[in-house]
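Examining the three-dimensional arrangement
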Amino acid sequence: MRDIFETRDADAAGRIGELEVPRAGVTVETPALLPVINPHIRTIEPAALEETFGAEILITNGYVLYTSDDYRERALEEGLHELLDFSGAIMTDSGSFQLSEYGEISVTNEEILRFQRAVGSDVGTPVDIPTPPDADRDRAERELATTQERLEAAESVDTGEMLVNAPVQGSTYPDLRTEAAEGAYGTTLDVFPVGAVVPLMNGYRYAETVEVVRAAKRGLGADAPVHLFGAGHPMMFALAVAAGCDLFDSAAYALYARDDRYLTVAGTDHLEELDYLPCACPVCADHAAAELRALPDERRERRLAEHNLHVSYRELRTVKQALRAGNLLELVERRARGHPAMVDGYRALLDADLEAADPASKGTFFGLSGDAARRPEVRRHHDRLDRLSVDGERVLLSEGGDNDRFDSTWRLRAPFGPYPAALSDSYPLTAELPERLAPAAYEAAAEGVGRLAAANPDVAFTVAHWGWPETALAALPDGVSTLELGPDSEPPSDDR
Ligand code: GUN
Ligand code: ZN
């Protein structure tokens, strides 16, 4: 792998990065969107992508060009940048998608790699085998072995300055995805797309999409740029970035426009069903919904595609700003509310091994719901409870005030649990949270008490709480006393 990717501003497993694309002579800021350009259709001209949307990179299909009577020779003579009229970076795919759709393609791995270089691609792709979700394990293993051979074969093809993708396959087997990623990262190839996830995303299987990405990330170094192949719906950008993806390609903006579908960060609307256009992009500012519907087919499709791209680029900027501010998980949580399957995706993310990637300190922790209890900050605080020292034999853990009759008093706050007062002003205990939390938040605090009690078996702990739910009280370890604070309660005393 070349030294082409630098990252900064991390949050959860997401990061802002700079991908150097030497052949194009450009540096692409990530997370980046690569609009898919079909050279035969061009719903939006690449020049307009650059001018209107600031696109720094796009993706087109090298195999479509290879097999095209109209474009093959022109692409070889003029080069892709001239043919498409685009000065940014151009990534090409290899025909693997056609292979998975039609069962065969008429080109070898080596030949399509040489072709991609010959037409001036900046990032080429070998012919990986996209094993679909839920494939037999045998098949997933066999096809992965072939993909790995193709990646290794790609190393010996003279690809010059062109970067080369090393797709990560393995179907829905997390261990195979990790193994595939280790194999890919072990080659000299450059960019690491997570492949064959389109059927997962089309089936709204966002939790498994996140699991597949996390499994792949375990086999890749932090310096590996990761592309989520075929992820073009803006609803999932925040989630995918938080899981560790840096690049996305969108065919959705054009495909959806063709069917009168209008993308939003909360999902997809049908133009027929919209009385108002809930967006401030130039298209939506210039047209009422009925006007847009009344446009002739081709113009309507183009306007819808433009709106879809505006929403997509805007969402990427929103994601980048959240990364910078350190509140990406808050954004993911907001986006998750748009669709139940996204809630599952968010929960899968929180259940993943995020603590290692997530920076220890960032902006204000602000959780909206019971899911705040599963955030990496809460887990990390619980881990820290094993190491903090406790003064005295009788210790009060209090949501209210101190009490002299204990040897010492610690603060207690859901969802974190107990902490010494001295830590009150440090992240994440400065969290801004609603007063009414979901039971899961109190259960997480009880778990924190359990961690502290387990690390200090000789200390007698008392929990003073404001009406914790039964489920949280039941989650406290045996041997921890409780007392409930009330509206008129005195500071808790140990003889009540
Ligand atoms: N486009 C969408 N999924 C894939 C994949 O798994 N491999 C390749 N090469 N292209 C894709
Ligand atoms: Zn719009």
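Preceding this paragraph is the structure being described.
Residues numbered from 1 in each chain as written. Chains lettered and ligands numbered in written order. Predicted model: local features only at pLDDT ≥ 70, side-chain atom pairs only at ≥ 80, totals over all residues. Heavy atoms only, no water.

Relative to the helices and strands, Asp93 is located in strand β6 (residues 89–93). Of the side chains bearing the opposite charge, Arg150 lies closest to the buried Asp93, which forms no salt bridge; the N-O distance is 11 Å. If sequence neighbours within four positions are ignored, Asp93 has contacts with Thr60, Asn61, Gly62, Tyr63, Gln116, Thr125 and Phe229. (Helix = DSSP H or I, 4+ residues; strand = E, 2+ residues; numbered from the N terminus. Buried < 20%, exposed > 50% of the residue type's maximum accessible area, 1.4 Å probe, protein only. Lys, Arg positive; Asp, Glu negative; His and termini not counted. Salt bridge = Lys/Arg side-chain N within 4 Å of Asp/Glu carboxyl O. Contact = heavy atoms within 4.5 Å.)

Another point: the coordination of the zinc ion (ligand 2). Here the zinc ion (ligand 2) is held by the protein donor atoms Cys279 (SG), Cys281 (SG), Cys284 (SG) and His307 (ND1), which lie 2.1 to 2.4 Å from it. Counting the intervening residues between successive donors of the zinc ion (ligand 2) yields the motif C-x1-C-x2-C-x22-H. Of this pair, Cys281 sits in the loop between β13 (267–270) and α13 (282–286) while His307 sits in helix α15 (residues 297–325); the two residues are 26 residues apart in sequence, bridging distant segments of the chain. Each of the two residues, Cys281 as well as His307, counts as buried. (Donors = N, O, S within 2.8 Å, 3.2 Å for Na, K, Ca; no water.)

Taken together, the three strands give an open sheet; going across it, the order is β1-β2-β3, and neighbouring strands pair in antiparallel fashion. Both edges of this open sheet fall to β1 (5–11) and β3 (26–30), since each of them pairs with a single strand only. On average, adjacent strands in this sheet sit at an angle of 15 degrees to one another, irrespective of strand direction. Packing against the sheet, α15 makes contact with β1, β2 (14–21) and β3, and its axis sits at approximately 70 degrees to β1. (Pairing = 2+ DSSP bridges. Axes fitted to C-alpha atoms, helices over the stretch in contact; angles between N-to-C directions.)

This next bit is on a negative patch on the surface. Taken together, Asp3, Glu6, Glu20 and Asp223 make up a surface patch of like negative charges. Looking at the element boundaries, Glu6 is found in strand β1. Residue classification places Glu6 among the exposed positions, given a relative accessible area of 58%. (Patch = residues over 30% accessible without salt bridge, like charges linked within 9 Å, V, L, I, M, F, W, Y side chains within 5 Å. Areas by Shrake-Rupley, 256 points an atom, 1.4 Å probe, with all protein chains shown as cover. Charge placed at Lys NZ, Arg CZ, Asp CG, Glu CD.)

For ligand 1, the full set of nearby residues is Asp93, Ser96, Thr125, Asp128, Pro130, Gln169, Gly195, Ala196 and Phe229. A distance of 2.6 Å is found between a nitrogen atom of ligand 1 and a side-chain nitrogen or oxygen belonging to Asp93. Between Asp128 and ligand 1, the recorded distance is 2.7 Å, taken from a side-chain N or O atom to a nitrogen atom. Protein burial of ligand 1: of its 280 Å² of free accessible surface, 93% is covered by the chains. When its residues are assigned to classes, the shell around ligand 1 shows three nonpolar, four polar and two charged. (Near = heavy atom within 4 Å. Polar contact = N/O pair within 3.5 Å; in protein donor to acceptor, adjacent residues only side chain to side chain. Nonpolar A, V, L, I, M, F, W, Y, C, P; charged D, E, K, R; others polar.)

With that settled, consider the pattern of salt bridges. Under the defined criterion, the tally for this structure stands at 33 salt bridges. Put simply, Asp353 and Arg218 hold a salt bridge, and the shortest N to O gap is 3.9 Å. Taken together, the residues Asp353 in the loop between α17 (340–351) and α18 (376–385) and Arg218 in helix α10 (residues 206–218) connect sequence positions 135 residues apart.

Inspection of the secondary structure puts Glu111 in helix α6 (residues 109–118). Separated by 45 residues in sequence, Glu111 and Tyr66 place their C-alpha atoms 10.0 Å apart.

With 103 residues, the main nonpolar core has Leu228, Phe248, Leu328 and Leu349 as its most contacted residues. For this core, the element with the highest residue contribution is α15, accounting for eight residues. The residues touching Leu328, leaving out its near neighbours within four places in the chain, are Asp11, Ala238, Val241, Ala242, Val319, Ala322 and Leu323. One finds Tyr419, Tyr427, Ala453 and Ala472 within the second-largest nonpolar core, a separate group that totals 34 residues. (Core = buried A, V, L, I, M, F, W, Y, C linked by side-chain atoms within 4.5 Å.)

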